[in-house]
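As a plain string of letters, each chain reads:
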Amino acid sequence: MNNILSLFTEEFFYATIRMASPVILAATGEVFLQRSGIINLGMESMVIYGAFFGVLGSALTGSGWMGLAAAMLAGTITGLLYGFIVITLKANQSVTGTAFNIVGIGLTSFLARVIWGIRELPVQVDTIKPWSVPILNKIPFIGHILFDHSPLVYLAYILVGVATFVIFKTTWGLKVRAVGENPRAAASIGINVYAWRYFCAILAGCLASMGGAVLSLVDLNMFVDGMSGGRGYFALATVILGRWHPVGAAIGGLVFGAGNALQMRMQAFGVKIPSDLLLILPFVLAFLAVVIFHGKSSAKPAALAKPYEKEATI
Amino acid sequence: MPTAVKMVNIVKSFPGVLANKNVTLEVEKGEIHALLGENGAGKTTLMNILFGLSQPDSGEIFINDQRVSINSPTDAITHGIGMIHQHFMLIPVFTVTENITLGEHSPKEPLLDLETAKNKILEIGKSAGLHVNPDAKVMDLCVGEQQRVEIIKAIYRGANILIMDEPTSVLTPQETDELFVILHQLTEKGNTILFITHKLREVMAISDRVTVLRDGSLIGTVKTKDTNRNELAKMMVGREVFLTFDKNPTHKEEVVLDLQHVYAKNECGLHALKDVSLQVKGGEILGIAGVDGNGQNELAEVIMGLRPLDRGDILIKQRSVKLNTTRDIIDLGVSCIPFLRQKEGLVLTFSVSENLILKEWHNPPITRKGFFDTKAIIDLSKKLIKEYNIKTTGPNAKVGNMSGGNQQKVVLARELSRNPNLVVACHPTHGLDIGATEYVRQQLLKERERGAAVLLISTELDEIMALCDRIVVLFEGQIMGEVAGEKINVDDIGLMMLGVRQENLHHGTLAVAGCSSAETKRCNVTTTEKDTI
């Protein structure tokens, strides 16, 4: 018993906050996108592009921050491409997203080998260093847990608040929600449905790739094949669990972070459970949450996953 | 009188169709001007041009005697034109205020300022007699209230010329009366109303003047008080039409369809039909009246065996069919004219002859020894095309390329040529022009005279009252009452459609149970979503 309690130390909570941040970044973008009526199953690919191009950018420039810029650019382009396929070409969103993921995992592994060759240890690059918030980080117990992180981690949590405000308190948020609920009605009063959906697609791509950059430039200092590890899918689940609300999605992200942190500590403590089994812990938690909350999805945007076609005017 | 709207020599063509041929329309300020015509006559095209949704090939538009060019709805709104669409352009999960302010510049841009907006809405409501709770969610409002929200939305945006596209198609008679009162109040305040419709009764009831379109051409503009229904119908169709039907007495004895305390659930697991009991005899037409979405679809589906019964029993010719398949029910001589002819009644990519044999394909002479007899199929098709007057290039023409009226004739030919014992007809004339409507109604009367039992589900009260021997009113899946024969009172039916039980009708207790359930509509939305993800 003593043993189990000792898993939940200050370090555990610190790791939870850190490990939740990539999922929260991706989920925040996805909340916007789904609110505008598009489901992005391809987030996993955007996370891994962020991880890969973050490292590539950092390797080329020698700066972790430039790496982040490269990751965001990659996410923007991927989001734009996804938008083009599902908004303009009106392709099936689930199929497109799945295809994006398959390509993303394969392409990044391939490019890593082409650029850096096959090595025993991946190339190590400059990272984004932690920045402790002065004074606040001296608060007993929570100071370290909350205020000794990388700026990107803080940003993830700040964006949750910003997103909530934008979605529910501004005219922009009202338009995004209108576009996702009834695009025809939105268009009838002069709202540009396509433009808003493109904007959300780009935002979602950009934020998911920032989440990827956290993995490769904050948690580590290198790119590892398939390092997104299902975080894109997880972010998707948290959006649905969180009732399409940024705060709800962030709580889902924290569940993931906690599961992941717990899993790592149990391994480190030598708990006699196969590590593969421990790795699925966060997903089991998410699955349980889905089962518990199933069927209460009244907040779901009514036009989700339905391409918008301008009315034929005969 | 100054003119509010003048459209001169408007020409608009779509690939293969000339939708407006030199149409000129003049609307005086402060009048209610009806735009009358059949489906496809060009009314909606003309109004879409006025509202900037499409651009004319040639022609000029004047608003308040100023020449204008309207390239988008935004331009139209700038010129004070508002459009209330037939299918409301509202977002169900938003509040009334959110719906009305959506897309408008907020005084605190980019922040929302719902308080200021709310006051403005209440002000408009007070001055124009449009009462609605600004904090209510649109999904919790009745259809009539939703329409008021649409009207406020247009006025909020500064509209003083309102285009209303078939505004009464979703309303009960009482709600229609309320709307008419509102429209009169609006015109007294100097607003101008353009009222698109194909219902003659409404033109006579509300409009000051009528402009009639046919096949994209202007037939004429007349003062309502100088004309009558028959004359307008003639202008609309181009020939004499019969607005009333002669019903011959028939011999009604055998009960063909017998529903006993039927319960059935909808996709959300809620009861869509609650304790429905009714009988239809051979030689009689029983009408089911009600606002759309009150269990009519489910009623047709349980009879056809397409939806499981929760409780109760259904007897066709004294035989219980609750455990039978749809095929068995069809073979008992049950025909159905479904709600959505293009989705449920026809396979649009199939030819006329393929569609005609959809129900009898497995029986001789169409199939012999397991193979289709092509010659028999073509012969049968040619016979039906002639008999039912289907306008087509031949049995091999694709049904998808035909007009709505001709498509419905294909359905009728298939369903009625089987000499059914029971016909379940769901909105059989929906979207058809007067000529085709007249034809369909006559065919149903023919079936009645032949001795078939007909169950007619329709939201058009005129249709039900013209054809039916008895009328049953459905509200939220329950039967509110039944009226028969000569004693039919429209107001009573209207009240029952709003949820007043027949036994309470004349007690002076107008305890309206509620409005047409928004919950069920929301349910339908979510079920279609499930299919797409």
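Residues numbered from 1 in each chain as written. Chains lettered and ligands numbered in written order. Predicted model: local features only at pLDDT ≥ 70, side-chain atom pairs only at ≥ 80, totals over all residues.

What to know about the overall build of chain A
Within chain A, the secondary structure is distributed over 14 helices and zero strands. Reading chain A from its N end, one meets helices and strands in the order α-α-α-α-α-α-α-α-α-α-α-α-α-α. In terms of C-alpha radius of gyration, chain A reaches 20 Å, essentially the compact-globule figure of 20 Å for 314 residues. A principal-axis box enclosing the C-alpha atoms of chain A has dimensions of 70 × 45 × 40 Å. If you take every contact in chain A between residues at least 6 apart in sequence, the share linking residues at least 24 apart comes to 77%. (Helix = DSSP H or I, 4+ residues; strand = E, 2+ residues; numbered from the N terminus. Rg over C-alpha atoms; globule rule 2.2 N^0.38 Å. Contact = placed C-beta atoms within 7 Å.)

Observations concerning the overall build of chain B
Looking only at helices and strands, one finds 18 helices and 22 strands in chain B. Relative to its length of 533 residues, chain B is compact, with a C-alpha radius of gyration of 25 Å against a globular reference of 24 Å. Across its three principal axes, chain B shows a C-alpha extent of roughly 75 × 50 × 50 Å. Counting over 533 residues, chain B shows a buried share of 45%. (Buried ≥ 20, exposed ≤ 12 C-beta atoms within 10 Å, placed from the backbone.)

Digging into the interface of chain A and chain B
Contact with chain A, which involves 23 residues of that partner, is made by 25 residues of chain B. Counting only elements with at least two residues in the side of chain A that touches chain B, the list comes to α8 (171-181) and α9 (183-188) of chain A. Tallying contributions element by element places α8(A) first for the side of chain A that touches chain B, with six residues. Classifying every residue of the side of chain A that touches chain B gives eleven nonpolar, seven polar and five charged. (Nonpolar A, V, L, I, M, F, W, Y, C, P; charged D, E, K, R; others polar.)

Describing the sheet that holds strand β11 (residues 255-265) of chain B
Residue and element names in this part refer to chain B. Spatially, β12-β11-β14-β15 is the arrangement adopted by the four strands of the open sheet, whose pairing is antiparallel. Each having just a single partner strand, β12 (271-281) and β15 (319-320) make up the two edges of the open sheet. In terms of strand pairing, β11 meets β12 through seven bridges, oriented antiparallel. Within β12, the residue paired with Lys265 across the bridge is His271. (Pairing = 2+ DSSP bridges.)

As for the environment of B:Leu356
With respect to the helices and strands, B:Leu356 occurs in helix α12 (residues 352-356). Between the alpha carbons of B:Leu356 and B:Met496 there is a distance of 38 Å; along the sequence they are 140 residues apart.

Things to note about the confidence of the model for chain B
Residues and elements named next belong to chain B. Residue-level pLDDT values for chain B average 86, and 94% of them are 70 or greater. Of all helices and strands in chain B, the one with the weakest mean pLDDT is helix α18 (residues 518-532) (38), whereas strand β20 (residues 453-457) scores best (95). Below pLDDT 50 for its whole length, residues 509-514 participates in nine contacts with residues either more than four positions away or in separate chains. Ignoring residues within four places in sequence, the model shows residues 516-533, a span with pLDDT below 50, making 25 contacts including any to other chains. (pLDDT = per-residue confidence, 0-100.)

Thoughts on helix α9 (residues 296-303) of chain B
For α9(B), the buried fraction is high: eight of the eight residues fall into the buried class. Taken from the residues just after α9(B), B:Gly305 is the one with a positive phi, measuring 75 degrees.

Details of the pairing of strand β9 (residues 209-214) of chain B
All names here are of chain B. Here strand β3 (residues 32-36) pairs with β9 via four bridges, running parallel. By the bridge assignment for β9, Leu36 is matched with Val212. For β9 and strand β10 (residues 217-223), the ladder comprises six bridges, and the chain directions are antiparallel. Bridge pairing links Leu213 to Leu218 in β10. A loop of two residues connects β9 with β10, the two strands running antiparallel in sequence, and Asp215 in this loop sits at a positive phi of about 50 degrees.

Some remarks on the pairing of strand β21 (residues 470-475) of chain B
Residue and element names in this part refer to chain B. Most of β21 is tucked away: five of the six residues are buried. As judged from the four bridges shared by strand β13 (residues 285-289) and β21, these two strands associate in the parallel manner. Of the residues in β21, the one forming a bridge with Ala289 is Val473. Relative to strand β22 (residues 478-484), β21 is paired through six bridges, and the arrangement is antiparallel. The residue of β22 that forms the bridge with Ile471 is Val483. Count of turn residues in the β21/β22 antiparallel hairpin: two residues, of which Glu476 carries a positive phi of about 45 degrees.

Here's the deal with helix α15 (residues 434-450) of chain B
Residues and elements named next belong to chain B. In a regular helix each residue adds 1.5 Å, so 17 residues correspond to 24 Å; α15 covers 24 Å between its end C-alpha atoms and thus fits that length. All of the buried residues in α15 are Ile434, Ala436, Thr437, Val440, Arg441, Gln443, Leu444, Glu447 and Arg448. Buried-residue contacts for α15 involve α8 (229-237), β13, α14 (404-416), β19 (422-426), β20 and α16 (461-467). Of the residues trailing α15, Gly451 is marked for its positive phi of about 110 degrees. (Expected span 1.5 Å × (residues − 1).)

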